Amino acid sequence: MTNFIKRGLAISRTLLFRYFLTQADKLLNNQNERETQLKAANQHLDEFNEKFIHYRERVSVVQLIKDIIRMIKAVASGQYKELPRKAVLLMSAALLYFISPIDILPDFIPLTGFIDDVSLLLWLGKTLRNERNRFVTWENADHEQEFGEDFRDDFPATKSSK
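An account of the accompanying structure is given in this report. It should be emphasised that the depicted structure is a prediction, and the values quoted were computed from it without experimental measurement.

## Structural notes on the overall build of the protein
Item 1. When its secondary structure is counted, the protein shows eight helices and zero strands.
Item 2. Residues counted as buried form 41% of the 162 residues belonging to the protein.
Item 3. A fraction of 68% describes how many contacts in the protein between residues 6 or more apart in sequence connect residues 24 or more apart.

This is how it looks when you write it as structure tokens:
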């Protein structure tokens, strides 16, 4: 896993990722484009999930991507204000990298095409671990206020995401 994170850090320093950072800034300011790209991320996530169904490690990457999508939506809607702009830009850029057919290892290459995407996402997950944990805690507290403490009985996945 450490090699993936090191590879992800290296990818985050490339000109290609810097390009995605500039696109992320535009994305955050354009609601229609943001919604289109988040929908594309969900679709790409489904494809990723299908290709790697037999790899147990995929679960943490899938959950990370789902968390990132929810975090971007919550920040963009103004519901969640505790995330630094730099973190939102990094998450948005990583999602754009994930869904883009143009990256260091193109996704159409069987299995290896997702290695760079996964590496970048694992690096991002490690880098923003505290922000992600705070968001999930906020999200769970928000649901508890809305639905009561026992809402988690209906959603077992929420228990494990803390």
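That was the structure; now back to the text.
## Quick word on the packing of aromatic side chains
Item 1. This model, assessed by the stated rule, comprises eight aromatic pairs.
Item 2. For the ring pair phenylalanine 20 and tyrosine 97, a centre distance of 5.7 Å and an interplane angle of 80° mean the geometry is edge-to-face. Note that phenylalanine 20 is positioned in helix H2 (residues 15-28) and tyrosine 97 in helix H5 (residues 85-99), a separation of 77 residues in sequence.
Item 3. Ring plane angle 50° and centroid distance 4.8 Å describe the contact between tyrosine 80 and tryptophan 138, whose orientation is recorded as tilted. With a gap of 58 residues between them, tyrosine 80 in the loop between helix H4 (58-76) and H5 and tryptophan 138 in helix H7 (residues 129-147) connect regions that are remote in the sequence.
Item 4. Judged by relative accessible area, which is 4%, tyrosine 80 ranks as buried.
Item 5. Taken together, the aromatic side chains of Tyr19, Phe20 and Tyr97 make up a single cluster linked through ring pairs.
Item 6. Here arginine 7 stacks its cationic end above the ring of phenylalanine 4, 5.7 Å away from the centre of that ring.

## Details of the nonpolar core
Item 1. Judged by nonpolar contacts, the single largest core of 44 residues is most densely connected at Phe48 and Met91.
Item 2. When contributions to this core are tallied by element, the ones reaching two or more residues are helix H1 (2-12), H2, helix H3 (31-51), H4, H5, helix H6 (115-127) and H7.
Item 3. With twelve residues, H5 is the largest single contributor of residues to this core.
Item 4. Not counting chain neighbours up to four residues away, the residues in contact with methionine 91 comprise Ile68, Met71, Ile72, Leu83, Leu124 and Leu128.

## As for H3
Item 1. With 21 residues, H3 should cover 30 Å at 1.5 Å per step; its first-to-last C-alpha distance of 30 Å lies within 8% of that length.
Item 2. Here H3 has its buried residues at Arg34, Leu38, Ala41, His44, Leu45 and Phe48. Looking down the long axis of H3, one finds its buried residues gathered within 125° of arc, a one-sided arrangement. Of the exposed residues in H3, the ones pointing more than 90 degrees away from its buried face are Asn32, Lys39 and Glu50.

## Section: the environment of phenylalanine 98
Item 1. Relative to the elements of secondary structure, phenylalanine 98 occurs in helix H5.
Item 2. Judged by its relative accessible area of 1%, phenylalanine 98 is buried.
Item 3. Measuring from C-alpha to C-alpha, the distance between phenylalanine 98 and phenylalanine 114 comes to 8.2 Å, with 16 residues separating the pair along the chain.

## A look at the pattern of salt bridges
Item 1. If you walk through the whole model with that rule in mind, you get five salt bridges.
Item 2. The closest approach of N and O atoms between aspartate 67 and arginine 70, which form a salt bridge, is 2.8 Å. With aspartate 67 and arginine 70 both in helix H4 and three residues apart, the pair spans about one turn of that helix.
Item 3. Looking at aspartate 67, the relative accessible area reads 2%, which means it is buried.
Item 4. Across the pair glutamate 139 and arginine 70 runs a salt bridge, and its minimum N-O distance is 2.7 Å.

Reading the values: the criteria
- Residues numbered from 1 in each chain as written.
- Predicted model: local features only at pLDDT ≥ 70, side-chain atom pairs only at ≥ 80, totals over all residues.
- Heavy atoms only, no water.
- Helix = DSSP H or I, 4+ residues; strand = E, 2+ residues; numbered from the N terminus.
- Buried < 20%, exposed > 50% of the residue type's maximum accessible area, 1.4 Å probe, protein only.
- Contact = heavy atoms within 4.5 Å.
- Phe/Tyr/Trp six-rings, centres within 6.5 Å; stacked < 30°, edge-to-face > 60°.
- Lys NZ or Arg CZ within 6 Å of the ring centre and 35° of its normal.
- Core = buried A, V, L, I, M, F, W, Y, C linked by side-chain atoms within 4.5 Å.
- Expected span 1.5 Å × (residues − 1).
- Arc of directions from axis to C-beta.
- Salt bridge = Lys/Arg side-chain N within 4 Å of Asp/Glu carboxyl O.

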